[in-house]
Amino acid sequence: MNNIKLLDCTLRDGGYYNSWDFDKSLIQDYLKAMVEISVDYVELGLRGFNKDGFKGACAYTTDSYINSLVIPEGLNIGVMVNASELVKYSDGIEAALSKLFAPASESPVSLVRIACHVHEFELALPAANWLKSQGYIVGFNLMQIADRSDEEIRKLAYAASHYPLDVLYFADSLGSLSPEDTAQIIQIIHQIWQGPLGIHTHDNMGCAFANSMRAVEEGVTWIDGTVTGMGRGPGNAKTEYLAIELKNYRNVTNNITPLMKLIEGYFKPMQYECGWGTNTFYYLSGKYGIHPTYIQEMLSDSRYIEEDILAVIDYLKSEGGKKFNINTLEAARNFYLGNPTGTWEPADEVSGKEVLIIGTGPSIVKHRQALEDYIRNEKPYVIALNTQTNISPELINIRAACHPVRLLADSSVHATLPQPLVIPVSMLSDNIKKAFYGKQLLDFGISIQENTFMFESNFCVLPNSLVFSYALAIATSGNASRILLAGFDGYGADDPRTSEVNNLLNNFIQVTTTPEVISITPTQYKVSSSSVYAF
């Protein structure tokens with residue numbers, strides 16, 4: 001098996017996290033580390049025409065840029081072209097390629113890979129003829145093949161067999177394959193395609209490395225990896241693991257020390273900042289065939305709390321999410337049915353009263369006695385969030401909850417709690433309503449609209465689906481005299497949730513009709529504060 005080729009595409013696939021803007025000094029150290037572990041090809045980045053927004057050098061990977069680097073001896077350089085740019089080029093594929101590539105004899109690039117969705121594959125295959133005539137090694141990467149029928153896969157392999165490809169790749173684009181699935185696809189392709197076969201695995205379900213190694217056992221000879229798995233969404237098989245495991249197969253030297261130093265000094269801090277790597281959300285996206293960019297976008301957007309992400313996944317698994325579309329993501333984020341409406345008017349119970357909102361922070365336990373004394377003496381209208389139970393139940397007037405995922409998760413607990421529950425009943429699905437059969441529900445409507453607060457008598461419009469926002473709206477729609485907060489300790493200065501709540505409070509306070517807001521237990525949020533002991 002010493003004909004196995006190890007290709008590292010860190011700078012191409014990892015560029016989805018930093019707009020392909022890698023420091024040149026890092027690239028130089030990276031190239032040296034790749035030589036030390038006997039990587040055969042380094043895919044330095046993309047090459048294409050897309051000029052939307054700022055992207056760094058590795059988004060274009062021009063010959064002049066590559067020539068500005070010191071390429072270690074024995075290391076072959078590749079670039080990737082998206083087939084969509086070729087097939088849409090107004091003057092045709094050959095004209096597009098001639099704009100992008102000089103003859104291979106005049107270029108530092110030796111390998112060109114074309115990334116194709118299934119519907120683009122046969123349209124883009126003629127690019128192989130032109131690239132081979134110019135002296136390049138040519139690979140074609142088939143994306144999103146996992147959900148294709150056996151017959152469709154055979155047809156694609158048959159089409160490829162009529163062109164001079166040096167390697168036919170398939171990508172587990174949605175990270176949904178198991179090792180057994182991987183083996184089956186390889187066996188089907190090998191019924192038709194007799195040339196070298198490659199694989200590019202994604203780690204949504206934690207199977208990228210296992211799938212790569214199973215592919216080797218099934219006769220695949222080109223294997224992709226990235227340093228620390230850096231790549232779009234959850235990332236890829238880790239090059240450092242592949243280099244270790246494939247060493248004996250390939251009969252090569254393998255000095256991994258420079259790579260480990262590079263990982264420790266650069267890639268680990270960057271991974272902490274950017275957050276690639278698999279998690280439960282990516283696992284679910286792989287399980288249900290959802291494009292990982294949906295998860296990546298939500299994880300990088302502070303508007304999405306954990307329940308939001310789960311709700312979007314639940315929406316996409318039934319509506320379809322194999323192709324990323326930002327408009328689909330925005331539609332999926334609206335968890336509520338129809339226009340905002342409700343049947344309960346908070347003013348009937350709240351008007352003119354002081355409202356105390358009870359959060360879940362540890363300060364509730366520490367200052368419980370003082371809080372309960374205050375409630376007994378001053379008799380504020382008390383709203384507890386979700387299933388918080390650290391205050392005596394007879395002192396709580398209502399509970400508030402609004403997120404569909406959280407409501408389903410907590411439905412059995414709510415059934416044991418005595419207080420009426422305020423939720424947007426008429427805007428929720430039937431399965432949620434059934435989960436609360438027999439519970440006293442107060443129907444206060446909600447709609448989500450970015451940067452917006454509106455407080456009507458029986459519904460609200462909010463910038464997010466946080467239950468804290470919902471409780472503030474209940475108090476405001478109810479014409480509360482002022483709002484006291486307890487148990488809103490905060491998450492720490494560096495936690496993005498702290499910034500989100502601070503922005504929420506700042507925007508809420510700017511609305512002229514909102515009551516004064518005061519925290520009476522310790523808080524890290526930027527809000528007026530006093531002490532429960534001072535009242």
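The model shown is predicted, which means the values in this text are computed figures rather than measured ones.

(A) Examining the sheet that holds strand 16 (residues 459-462) more closely. Taken together, 3 strands build an open sheet; the order of strands is 14-16-15 and the sheet is mixed. The open sheet has two free edges, formed respectively by strand 14 (445-448) and strand 15 (454-455), since each of these has just one partner strand. Examined bridge by bridge, strand 14 and strand 16 share 4 bridges and lie parallel to one another. Within strand 16, the position partnered with I448 by the bridge is L462. Lying on the sheet, helix 23 (residues 467-477) is in contact with strand 14, strand 15 and strand 16; it crosses strand 16 at an angle near 135°.

(B) Focus on the sheet that holds strand 1 (residues 5-8). Taken in spatial order, the 8 strands line up as 1-2-3-4-5-6-7-8 and close into a barrel, and their pairing is parallel. Direction aside, the axes of adjacent strands within the sheet are offset by 25° on average. On the sheet, helix 3 (residues 24-36) packs against strand 1 and strand 2 (41-46) and is oriented at approximately 150° with respect to strand 2.

(C) Seen up close, helix 10 (residues 179-190). Across its 12 residues, helix 10 extends 16 Å between first and last C-alpha, which sits within 8% of the 16 Å expected from 1.5 Å per residue. The complete set of buried residues in helix 10 reads P179, T182, A183, I185, I186, I188 and I189. The inward-facing, buried residues of helix 10 contact helix 9 (150-160), strand 6 (167-171), strand 7 (197-200) and helix 11 (208-217).

(D) Structural context of the packing of aromatic side chains. Tallied over the full model, the rule gives 16 aromatic pairs. The interplanar angle of 75° and the centroid separation of 6.4 Å between the aromatic rings of Y169 and W222 together place this pair among those described as edge-to-face. In this pair, Y169 sits in strand 6 while W222 sits in strand 8 (residues 222-225), placing the two residues 53 residues apart along the sequence. W222 matches Y169 in its accessibility class, with the two residues each being buried. Seen in terms of ring centroids, W344 and F444 are 6.4 Å apart; in terms of plane orientation they differ by 80°. Their pairing is edge-to-face. Linking W344 in the loop between helix 17 (326-333) and helix 18 (347-350) with F444 in the loop between strand 13 (441-443) and strand 14, this pair joins segments that are 100 residues apart in sequence. Each member of the pair, W344 as well as F444, is classed as buried. Here the aromatic cluster, defined as three or more aromatic residues joined through ring pairs, consists of Y41, Y169 and W222. Above the face of the Y16 ring, R232 is positioned so that its terminal group lies 4.1 Å from the ring centre. Lying over the aromatic face of Y288, K317 brings its terminal NZ or CZ to 4.6 Å of the ring centre.

What counts, and at which threshold
Residues numbered from 1 in each chain as written. Predicted model: local features only at pLDDT ≥ 70, side-chain atom pairs only at ≥ 80, totals over all residues. Heavy atoms only, no water. Pairing = 2+ DSSP bridges. Helix = DSSP H or I, 4+ residues; strand = E, 2+ residues; numbered from the N terminus. Contact = heavy atoms within 4.5 Å. Axes fitted to C-alpha atoms, helices over the stretch in contact; angles between N-to-C directions. Expected span 1.5 Å × (residues − 1). Buried < 20%, exposed > 50% of the residue type's maximum accessible area, 1.4 Å probe, protein only. Phe/Tyr/Trp six-rings, centres within 6.5 Å; stacked < 30°, edge-to-face > 60°. Lys NZ or Arg CZ within 6 Å of the ring centre and 35° of its normal.

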